[in-house]
Amino acid sequence: MAAFDEYDPTPSDDELEAHLQTRNMVVNLGPSHPATHGTVRLRIELDGETIVKMDTEVGFLHRGFQKSCENVTWTQVIPYTDRLDYVASLHNNFGYLTAVEQLIGIEIPERAKYIRVIGAELHRIASHLTTAGALSMELGGFASFLYAIEARDIITDRITELTGARLTTNFGRIGGLNRDLPDGWVEKVEKTLVKIEEFAGEIDTLLSRNRIFTDRTRGTGIITRDDALSFGFTGPCLRACGVDYDLRKKKPYWVYDRFDFNVAVGHNGDNFDRYYMRVIEIAESIKIVRQALDQLPGGPVMVDDWRIALPPKENVYNSIEGVIAHFKLVMEGVPVPAGEIYSATESANGELGWYIRSDGSGRPYKLHVRAPGYQLLAGLAHMCEGKMLADLIPTFDTINMIGGEVEQ
Amino acid sequence: MSTYALDQIQSQLPGSLVERYADRPGDAWAVVDRAHIVEVVKRVKALGFTQFISMDAVDRLHLEPHEQDPRFEVLYFFRSVDRNEEVRLKVRVNEGEDIPSIIDVYKGAEWGERFVWDFYGVAFAGGVKRRILMYEEFVGHPLRKDYPLRGRQPLTPERQIQDIFRGPGTNGVQD
């Protein structure tokens with residue numbers, strides 16, 4: 001009984017503060033999980049709800065993009081580029097073509113440059129709408145996802161009229177574009193822009209000042225400016241950290257130096273800033289498209305050089321020069337001189353860079369694509385380690401990695 | 001095109017740049033000596049080129065005969081946001097030679113180096129020697145020019161459930 005009398009039921013301070021014996025748990029997110037839009041596997045070691053270590057495993061969507069491109073002619077590469085960033089495929093088409101044109105050293109017609117700007121900016125809007133919509137859906141706001149997809153669908157309709165396909169556009173050829181704008185397209189785009197403004201406004205109103213949304217996104221997934229640069233972040237994700245760098249302003253290609261638009265720059269580098277960069281960029285892209293439609297010049301959309309552009313059909317059927325030019329282009333491909341180039345354009349998610357090596361034959365010797373999402377995904381583990389598991393999902397959404405371009 | 005960074009490197013670290021040239025559109029390139037790459041890259045970063053852009057490699061097996069040795073060319077791209085300039089570097093290595101890793105200088109280089117190892121079989125000393133897009137059991141390096149376009153891979157045996165690492169704990173075995 002003596003021992004029982006000595007027992008004091010109140011725990012001492014040491015006992016209360018004692019570390020509870022727990023084991024870290026490993027959770028696999030993906031490769032096929034609704035919140036990983038691509039097929040990416042995240043192996044997460046958890047201590048309670050805190051991520052201790054995260055390992056990102058990619059490659060489930062690898063299609064041998066580079067190897068395929070090395071074995072086809074320069075023009076046949078264009079459909080492969082559709083499948084890189086399949087949300088905004090015109091960026092890939094035009095980015096690739098611009099790199100090849102710079103290597104050959106040709107200047108494309110003014111009208112083609114304007115149409116490239118219009119197409120690229122429309123797809124930038126579509127990509128940003130998808131990002132904002134998917135982010136809100138995964139945080140529980142289904143309505144704004146529907147608004148975003150509705151708006152994206154109208155853009156897809158315009159892209160279909162322009163290129164003939166919803167997603168795999170295969171638009172543009174080396175030296176310009178394969179076809180001009182369809183009749184009445186300009187007026188349709190003007191009407192579409194008004195609708196998109198409404199939908200984007202709805203999304204902005206529903207999300208940007210929404211308490212639940214801001215609580216989940218503000219202060220989560222933070223990356224500092226130095227780390228972002230070191231990891232190779234580009235585009236909206238880098239600008240959210242306060243780096244004012246946009247290739248459209250800093251190294252203007254096509255006719256971007258003729259438009260009046262602002263570059264959105266954040267300062268916190270968190271999920272909310274990355275989301276808000278996109279909201280602002282939608283408005284800026286609408287401004288660019290409007291100006292481009294106003295300034296749209298007439299004239300041809302393809303260079304007048306039969307070594308690069310297919311000759312008109314009447315020349316193919318009625319002249320020997322036309323037949324030879326047509327035959328050589330189809331059988332041997334565009335003669336790209338031997339040499340190398342690194343060229344980059346600003347795609348929806350950041351810098352889409354191309355290192356091209358040509359050995360003078362009709363096929364690329366080496367085609368490296370610097371996908372913006374690849375470097376963003378490389379930094380994901382750094383952004384999430386030591387943070388809560390629930391914050392992983394908005395972080396994964398706002399970097400907007402696209403399986404097609406990351407896993408090539 | 002500006003050659004600011006390369007001029008600085010050449011004066012600060014004489015002997016580290018093997019060759020300098022301009023490509024067809026006029027951008028400056030430098031071929032860096034393999035042993036000096038970490039030193040050069042640190043200097044490049046100190047000059048303000050803090051943004052890592054990309055890494056890749058070229059297999060020169062099918063180029064002109066005088067260009068075939070050394071066989072591989074590893075490419076490095078960095079950018080200075082303030083100067084609005086890029087640096088393009090190359091390191092040339094032969095089969096079996098490894099390159100000092102730069103992941104301590106640029107964090108994004110880890111995935112770049114893993115890509116080069118995965119697709120070209122060029123290893124990085126002090127780096128992470130792990131495939132990135134292909135699976136671990138893959139035989140060979142698919143972007144080498146001597147890897148066939150329609151190459152087949154051997155079937156890999158299915159791993160036993162006990163051999164799959166599923167995290168700390170009893171690994172599915174009931175005690």
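Caption draft 1: The overall build of chain A, seen in detail. When you go through chain A residue by residue, the secondary structure sums to 19 helices and six strands. Taken along its principal axes, the extent of the C-alpha atoms in chain A is 115 × 45 × 30 Å. Buried positions account for 58% of the 408 residues belonging to chain A. Pairs at least 24 residues apart make up 69% of the contacts formed inside chain A by residues separated by at least 6 positions. Averaging the locations of the 42 positively and 58 negatively charged side chains of chain A gives two centres separated by 8 Å.

Caption draft 2: Structural view of the overall build of chain B. Within chain B one finds three helices and seven strands. Tracing chain B from N to C terminus, the helices and strands come up as α-β-β-α-β-β-β-β-α-β. The C-alpha atoms of chain B give 20 Å as radius of gyration, which overshoots the globular expectation for 175 residues (16 Å, by more than 25%). Expressed as a percentage of the 175 residues in chain B, the buried residues total 47%. Once local pairs closer than 6 in sequence are excluded, the contacts in chain B between residues at least 24 apart make up 50%. Summed over its atoms, the accessible surface of chain B is roughly 8700 Å², and 48% of this surface lies on carbon and sulfur atoms. Side-chain charges of chain B comprise 24 positive and 28 negative groups, with the mean position of each set lying 2 Å from the other.

Caption draft 3: Highlighting the nonpolar core. In this structure, Tyr76 and Leu89 of chain B are the most contacted members of the largest nonpolar core, which totals 158 residues. If you look at the next biggest cluster of nonpolar residues, it comprises nine residues, including Tyr342 and Tyr355 of chain A together with Ile53 and Leu63 of chain B.

Caption draft 4: Quick look at the packing of helix 6 (residues 110-138) of chain A against helix 7 (residues 142-163) of chain A. All names here are of chain A. Between helix 6 and helix 7, whose axes approach to 8 Å, the crossing angle comes to 160°. Classified by the interaxial angle, the pair formed by helix 6 and helix 7 is roughly antiparallel. Pair helix 6 / helix 7 crosses with left-handed handedness. Every residue of helix 7 that contacts helix 6 at Leu122, His123, Ile125, Ala126, Leu129, Thr130, Gly133, Ala134, Ser136 and Met137 is listed here: Phe142, Ser144, Phe145, Ala148, Ala151, Arg152, Ile155 and Ile159. Classifying every residue of the contact of helix 6 with helix 7 by side-chain character gives 12 nonpolar, five polar and one charged.

Caption draft 5: Focus on the interface of chain A and chain B. With 51 residues of chain A in contact, the opposing surface of chain B contributes 56 residues. In total, about 4300 Å² of surface goes out of reach between chain A and chain B, with carbon and sulfur atoms giving 54% of it. Scanning the region where chain A abuts chain B turns up eight salt bridges. For Arg79 of chain B, the salt bridge identified is with Glu351 of chain A, shortest N-O distance 2.5 Å. Linking chain A with chain B are 35 residue pairs in polar contact (both at pLDDT 80 or more), by the criterion used here. By residue number, the principal contributor to the side of chain A that touches chain B is helix 10 (residues 225-231) of chain A, which donates five residues. Of the residues that constitute the side of chain A that touches chain B, the class distribution is 21 nonpolar, 14 polar and 16 charged.

Caption draft 6: Quick peek at helix 8 (residues 185-207) of chain A. All names here are of chain A. The end-to-end C-alpha separation of helix 8 is 32 Å, in line with the 33 Å expected for 23 residues at 1.5 Å each. All of the buried residues in helix 8 are Trp185, Val186, Val189, Thr192, Leu193, Ile196, Phe199, Ala200, Ile203, Asp204 and Leu207. Where helix 8 is buried, its residues meet helix 6, helix 7, helix 9 (211-217) and helix 13 (271-295).

Caption draft 7: Molecular detail of unusual backbone geometry. Cis peptide bonds are those with omega within 30 degrees of zero, and the linkage from Asp69 of chain B to Pro70 of chain B qualifies with -10°. Among the structural elements, Pro70 of chain B can be located in the loop between strand 3 (51-59) and strand 4 (72-80). Non-glycine residue Trp254 of chain A carries a positive phi angle of around 50°. With respect to the helices and strands, the residue Trp254 of chain A is situated in the loop between helix 12 (247-250) and helix 13. A relative accessible area of 14% means that Trp254 of chain A is categorised as buried. Positive phi is not limited to glycine here, since Asn84 of chain B has a value of about 60°. Along the chain, Asn84 of chain B falls in the loop between strand 4 and strand 5 (85-93).

Caption draft 8: Summary view of helix 18 (residues 392-399) of chain A. All names here are of chain A. Most of helix 18 sits out of view: eight of its eight residues are buried. Along helix 18, the residues classified as buried are Leu392, Ile393, Pro394, Thr395, Phe396, Asp397, Thr398 and Ile399. Downstream of helix 18 by one or two residues, Asn400 has phi in the positive range, about 50°.

Caption draft 9: Representation of the state of the cysteines within the structure. All names here are of chain A. Scanning the entire structure with this criterion turns up zero disulfides over all chains. Cys384 carries a free sulfur, and the closest cysteine sulfur to it, the one in Cys237, is 12 Å from it. Given the relative accessible area of 2%, Cys384 is considered buried.

Caption draft 10: Examining the packing of aromatic side chains more closely. Overall, the coordinates contain 29 aromatic pairs over all chains when judged by the stated rule. With a centroid separation of 6.3 Å and an interplanar angle of 80°, the aromatic rings of Tyr256 of chain A and Phe259 of chain A are classed as edge-to-face. Tyr256 of chain A sits in the buried class, given a relative accessible area of 1%. Using a relative accessible area of 6% as the deciding quantity, one classes Phe259 of chain A as buried. Joined through ring pairs, the aromatic side chains of Phe94, Tyr114, Phe171, Tyr253, Trp254, Tyr256, Phe259 and Phe261 of chain A make up one cluster. One residue, Arg248 of chain A, lies across the ring of Tyr256 of chain A, its end atom 6.0 Å from the ring centre. Across the ring face of Tyr365 of chain A, the terminal group of Lys145 of chain B is positioned such that the distance to the ring centre comes to 4.0 Å.

Caption draft 11: Examining the pairing of strand 4 of chain B more closely. Residues and elements named next belong to chain B. Extensive coverage of strand 4 is indicated by the burial of nine of its nine residues. Because side chains alternate across strand 4, one face comprises the buried residues Phe72, Val74, Tyr76, Phe78 and Ser80, and the other comprises Glu73, Leu75, Phe77 and Arg79, equally buried. Alignment of strand 3 against strand 4, held across eight bridges, turns out to be antiparallel. By the bridge assignment, Gln51 is partnered in strand 4 with Arg79.

Scoring rules and cut-offs
Residues numbered from 1 in each chain as written. Chains lettered and ligands numbered in written order. Predicted model: local features only at pLDDT ≥ 70, side-chain atom pairs only at ≥ 80, totals over all residues. Heavy atoms only, no water. Helix = DSSP H or I, 4+ residues; strand = E, 2+ residues; numbered from the N terminus. Buried < 20%, exposed > 50% of the residue type's maximum accessible area, 1.4 Å probe, protein only. Contact = heavy atoms within 4.5 Å. Lys, Arg positive; Asp, Glu negative; His and termini not counted. Charge placed at Lys NZ, Arg CZ, Asp CG, Glu CD. Rg over C-alpha atoms; globule rule 2.2 N^0.38 Å. Areas by Shrake-Rupley, 256 points an atom, 1.4 Å probe, with all protein chains shown as cover. Core = buried A, V, L, I, M, F, W, Y, C linked by side-chain atoms within 4.5 Å. Axes fitted to C-alpha atoms, helices over the stretch in contact; angles between N-to-C directions. Parallel < 35°, antiparallel > 145°, perpendicular 65-115°, else oblique. Left-handed = near helix turned anticlockwise from the far one by under 90°. Nonpolar A, V, L, I, M, F, W, Y, C, P; charged D, E, K, R; others polar. Buried area = accessible area lost by both parts, 1.4 Å probe. Salt bridge = Lys/Arg side-chain N within 4 Å of Asp/Glu carboxyl O. Polar contact = N/O pair within 3.5 Å; in protein donor to acceptor, adjacent residues only side chain to side chain. Expected span 1.5 Å × (residues − 1). Disulfide = S-S within 2.5 Å. Phe/Tyr/Trp six-rings, centres within 6.5 Å; stacked < 30°, edge-to-face > 60°. Lys NZ or Arg CZ within 6 Å of the ring centre and 35° of its normal. Pairing = 2+ DSSP bridges.

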